[in-house]
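A closer look at the structure
Next come the chains, spelled out residue by residue.
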Amino acid sequence: MPPKTLATFCSTWPSFSVVVDVLATVCLRHSEASSRLIALALQDKSLAFVCYGCSRACVRVSRGAERWTSAVSAGVIQANDDTNWLVGRVRRCSKRAFVDTVGVSWGLCRPCYASSPARARAAPPPPPQMCEAAPPSNGWRAVSVCGVQEAPAEHTLFFEQRLPSVNIAPRAGIVAMTAALRAARLSYASLEGPQVAEVAQLVKKHLTGTRPDEIVVTFANGRRRKYARVYRPAKDKFGPRQVRRRAALAATTIGRLFAIDPGMLAASMADAARRAQASGGIAVAPAAVLAALPVRLQNQFLMDNGVSGSLWRRFRLLLGPIGADLATGQTLRADRRAAEAELRNAATTNGEGAFLVAPRVALQSMIDDLVATEQFVERFERGADGADIATASPFLGHPSPTEMRAADVRCVQVCFGLDKGGAQSTTKAVLSCVNQERPCSRGNTLLYGVFPAAEDDHAALSAMADVYVPDLDTLRMGGVDVDGVRRAVQLILTGDYQFTTTWCGHLGVSRKMPCQRCTAMMRLTKTNGELIAIYGNMQNGSRAGGKPRTIDHFK
Amino acid sequence: MADAYADGGNDTLSTPLTLEEHLSIENRPLLIIDPSHIAPMPLHLTLGISVYLLRLGIEAVYFWCGRVPAATYAENLANTLRQSVGVAPTPYFNGAFEGRQCQKIGQRLSMVCELLAAFVPAALSKN
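Criteria and cut-off values
Residues numbered from 1 in each chain as written. Chains lettered and ligands numbered in written order. Predicted model: local features only at pLDDT ≥ 70, side-chain atom pairs only at ≥ 80, totals over all residues. Helix = DSSP H or I, 4+ residues; strand = E, 2+ residues; numbered from the N terminus. Buried ≥ 20, exposed ≤ 12 C-beta atoms within 10 Å, placed from the backbone. Contact = placed C-beta atoms within 7 Å. Pairing = 2+ DSSP bridges. Axes fitted to C-alpha atoms, helices over the stretch in contact; angles between N-to-C directions. Parallel < 35°, antiparallel > 145°, perpendicular 65-115°, else oblique. Left-handed = near helix turned anticlockwise from the far one by under 90°. Nonpolar A, V, L, I, M, F, W, Y, C, P; charged D, E, K, R; others polar. Core = buried A, V, L, I, M, F, W, Y, C linked by C-beta atoms within 7 Å. pLDDT = per-residue confidence, 0-100. Expected span 1.5 Å × (residues − 1).

1. Some details on the overall build of chain B
Within chain B one finds five helices and one strand. Put simply, chain B runs from its N terminus to its C terminus through helices and strands in the order α-β-α-α-α-α. Looking at the 127 residues of chain B, the share that counts as buried comes to 20%. Counting only contacts in chain B whose residues sit at least 6 apart along the sequence, the fraction spanning at least 24 positions is 51%.

2. Overview of the overall build of chain A
Scanning chain A from terminus to terminus reveals 19 helices and twelve strands. Each of the 555 residues in chain A was classed as buried or not, and the buried ones make up 25%.

3. A word on the sheet that holds strand β3 (residues 93-99) of chain A
Residues and elements named next belong to chain A. Strand order in the open sheet formed by four strands is β2-β1-β4-β3, with mixed pairing between adjacent strands. Each of the sheet's edge strands pairs with one partner strand only, and the pair in question is β2 (56-59) and β3. On average, adjacent strands in this sheet sit at an angle of 40 degrees to one another, irrespective of strand direction. Summarising the sheet, β3 and strand β4 (residues 105-109) pair through four bridges and their orientation is antiparallel. In the strand pairing of β4, Val 99 is matched with Ser 105. Contacts from helix α3 (residues 31-41) reach β1 (48-51) and β2, with the element oriented near 175 degrees to β1.

4. Focus: the environment of Leu 116 of chain B
Looking at the secondary structure, you find Leu 116 of chain B in helix α5 (residues 109-119). Remark: the alpha-carbon pair of Leu 116 of chain B and Ala 74 of chain B, spanning 42 residues in sequence, is separated by 9.9 Å.

5. A closer look at the packing of helix α2 (residues 42-65) of chain B against helix α3 (residues 67-85) of chain B
Residue and element names in this part refer to chain B. Running from N to C, α2 and α3 point in directions that differ by 150 degrees, and their axes come no closer than 7 Å. Regarding the angle of α2 to α3, the classification is roughly antiparallel. Seen from above, α2 lies across α3 with right-handed handedness. Residue-level contacts link Leu 54, Gly 57, Ile 58, Val 61, Tyr 62 and Cys 65 of α2 to Arg 67, Pro 69, Ala 70, Tyr 73, Ala 74 and Leu 77 of α3. For the contact of α2 with α3, a count of residues per class yields ten nonpolar, one polar and one charged.

6. Quick notes on unusual backbone geometry
Positive phi outside glycine occurs at Glu 374 of chain A, with the angle close to 55 degrees. When you line up the elements, Glu 374 of chain A lands in the loop between α16 (359-372) and β8 (411-421). Not every positive phi belongs to a glycine, and Ser 24 of chain B is a case in point at roughly 70 degrees. Inspection of the secondary structure assignment puts Ser 24 of chain B in the loop between α1 (19-22) and β1 (38-40). For Ser 24 of chain B, a count of 23 C-beta atoms within 10 Å translates into the label buried.

7. Focus: the interface of chain A and chain B
How big an interface is tends to be stated in terms of accessible area lost as the parts join. The interface is formed by 40 residues belonging to chain A together with 27 residues belonging to chain B. Mapped onto the side of chain A that touches chain B, the elements with two or more residues apiece are α17 (458-478), β12 (485-495) and α18 (497-503) of chain A. Its residues assigned to classes, the side of chain A that touches chain B comprises 20 nonpolar, 14 polar and six charged. Relative to β1 of chain B, β12 of chain A is paired through three bridges, and the arrangement is parallel. By the bridge assignment, Thr 494 of chain A is partnered in β1 of chain B with Ala 39 of chain B.

8. Considering the nonpolar core
Residue and element names in this part refer to chain A. Judged by nonpolar contacts, the single largest core of 44 residues is most densely connected at Ile 367, Val 412, Val 414 and Val 489. The element best represented in this core is β8, accounting for six residues. Apart from the residues lying within four places of it in its own chain, the contact partners of Ile 367 are Val 412, Cys 433, Val 480 and Val 482.

9. Regarding the pairing of β2 of chain A
Residue and element names in this part refer to chain A. Burial along β2 is two-sided: Arg 56 and Cys 58 and Ala 57 and Val 59, pointing in opposite directions, are all buried. Pairing analysis gives four bridges linking β1 to β2, with the strands arranged antiparallel. Its bridge partner being in β2, Phe 49 is matched across the sheet by Cys 58.

10. Quick look at the environment of Arg 91 of chain A
All names here are of chain A. Considering the arrangement of structural elements, one finds Arg 91 in the loop between α5 (81-87) and β3. Using a count of 22 C-beta atoms within 10 Å as the deciding quantity, one classes Arg 91 as buried. For the pair Arg 91 and Arg 60, spaced 31 residues apart in sequence, the C-alpha separation works out to 5.5 Å. Setting aside residues up to four positions removed in sequence, Arg 91 forms contacts with Cys 58, Cys 109 and Arg 110.

11. Topic: the confidence of the model for chain B
Residues and elements named next belong to chain B. In this model, chain B carries an average pLDDT of 87, and 97% of its residues clear a pLDDT of 70 or more. Mean pLDDT per element in chain B: α1 is the minimum at 86, and α3 is the maximum at 93. Overall fold confidence (pTM) sits at 0.52, and the ipTM for the predicted complex is 0.80.

12. Here we look at the pairing of strand β9 (residues 426-433) of chain A
Residues and elements named next belong to chain A. Alignment of β8 against β9, held across eight bridges, turns out to be antiparallel. Paired with Lys 420 across the bridge in β9 is Thr 427. Hairpin connection between β8 and β9: a loop of four residues separates the two successive antiparallel strands, and Gly 422 in this loop has a positive phi of roughly 100 degrees. Relative to strand β10 (residues 445-452), β9 runs antiparallel, the two sharing seven bridges. The partner of Thr 426 across the bridge, within β10, is Pro 452.

13. Let's talk about helix α10 (residues 235-257) of chain A
An ideal rise of 1.5 Å per residue puts 33 Å on 23 residues; α10 of chain A measures up with 32 Å between its terminal C-alpha atoms. Summarising burial for α10 of chain A: zero of the 23 residues are buried, a small minority.

14. Brief notes about helix α9 (residues 193-210) of chain A
Under the 1.5 Å per step criterion, the end-to-end length of α9 of chain A is 26 Å for 18 residues, consistent within 8% with the ideal 26 Å. Trailing α9 of chain A by a residue or two, Arg 211 of chain A shows a phi angle of about 45 degrees, which is positive.

15. Observations concerning the confidence of the model for chain A
Residue and element names in this part refer to chain A. When pLDDT is averaged along chain A, the result is 77, and 81% of the positions lie at 70 or above. Note on residues 1-29: pLDDT under 50 across the span, and 69 contacts to partners over four residues away in sequence or across chains. The low-confidence segment residues 131-174 (pLDDT under 50) makes 86 contacts with residues lying over four places distant or belonging to another chain.

16. Considerations on the packing of helix α13 (residues 295-305) of chain A against helix α15 (residues 329-341) of chain A
All names here are of chain A. As a packed pair, α13 and α15 sit with axes 10 Å apart at the nearest point and diverge in direction by 90 degrees. As the angle between them shows, α13 and α15 are arranged roughly perpendicular. Every residue of α15 that contacts α13 at Val 295, Arg 296, Gln 298, Asn 299 and Leu 302 is listed here: Thr 331, Leu 332, Asp 335, Arg 336 and Ala 339. Taken together, the residues that form the contact of α13 with α15 break down as four nonpolar, three polar and three charged.

See the structure below:
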């Protein structure tokens, strides 16, 4: 840390007295203090010298100095902090300078001599005027700053400044604090490496914490310079980078939604971005409005528009940072549970269901709409050879719903299915026409009826069948009109496995012959070997060998 | 069966039908329909077939190459699904895939096929 930084630190730290103790432990040493240290610690002052380069006391490399060091190590000479300090600093004196008033020799130590040839060639500085009254010390418990009236050498980091002699006591007021600051500034050059780092850390921490808007620095030549913080807009520099990042994010997200060629996708996105930039941008989703949307309103939006959780997640991802204002799926679910628990939203049932009065009319309207919008898609059955079976014969009606239509009779395929679920457990019956794109989409289906049911067992399904089956039989016997032509209705029973098995008369999903297409048995046991040989075994996979079921099994 | 169970299930009959007679139909069928016109939900078909197809590939490697290559193939398959296809097993349903993930696997099934071809040469399929 350079002295300017220390000066900056001192000028911006009004409560320096708090850390005077910290700095006292840092143990500043300067040349005069080093000279006094030698005078105090050594009877023979010629064993050590003061380096005017680094301002430190050093023990010479000589036999006498070696004997003194050994005596200190052996305990013959009583050691204190000053003595221990000297023992660890044995250096060769490469250039002699003068002997000060205390009787201590000054010179250049070997590292200082070798590090700067200019300093080695220059003449040594004149001896300083030592203050005899000041107590010798190497610490900051009572630091004297007298004796620095002389100008320091050029190569030192000392400031030329005249200061009164004052003893500093920690937390002794503003005067002591100011003197401590000056002493710290003057003694900065004599700090050890770790101590410099510690002070630098303190300064950095303070400046980082306070972030002053203005810093006034007084230089050694008396000039005062003010440093003010200048804010420079970086939008031009970072804006394009953020735009590229968002464009990449949008391209990635769109690429997940649409399985198209990545090159075409990138070109389309780049074109859209260029158009938006040329027109001044498009505010697709104002951030302020999104942030103001209550969670309950977002939930209502999801339910009204049939938005699934995964679609909502992609929507948030597509919006990027703006989408972060929208509620997460977890928040939405929690709000939904809270809404369900509210008294005004409590769902009750009287045990009776609700169903369409005329499902035939609803189905006919759907088919008419598909034909009118040219979305009616012909679906054909496939024969044994896998080829589509052409249908051209008209439908003349069936006397019985269980009568199978001829293969070449024109038909409309209608799915009937049930599914149970919901906060209030209900079974929903759904009708859908297969002769269209995406027949399983919720918007393309008809809600046939809703029945409260905790279990979808045979008894509950029987009650529903009493409502649904007559209408379905009427459809199968009468057919529907497609573009003015009567067609047969081919009913397809769909749903989960438990529903279809129960609907067909199985006691459960794990009966001995669980398949609804054939009679293959579930697995071979110790007792059903003969039955397996007749009816087949499901564990054999494609070689199960079960006999196909027919409609006569149900009659 | 609908006629036989008009008044109740197989348990209510004075002489219950045997398995050969009722073929696991022990209650009155609620809708008389051709068995070939009973179809599971498309979502359930997607969930089931997708996972079993992947597992079938591991079984094929085990059958033709042995246990260690099958383990290696399974590991590579997991990496392919996660890194190339971009799907990850759900933390429920025993780590199965969701419907949308199954559709993505179907769209990018060529990656799985290429991986399988590296372990089981196509020539073996003609044996």
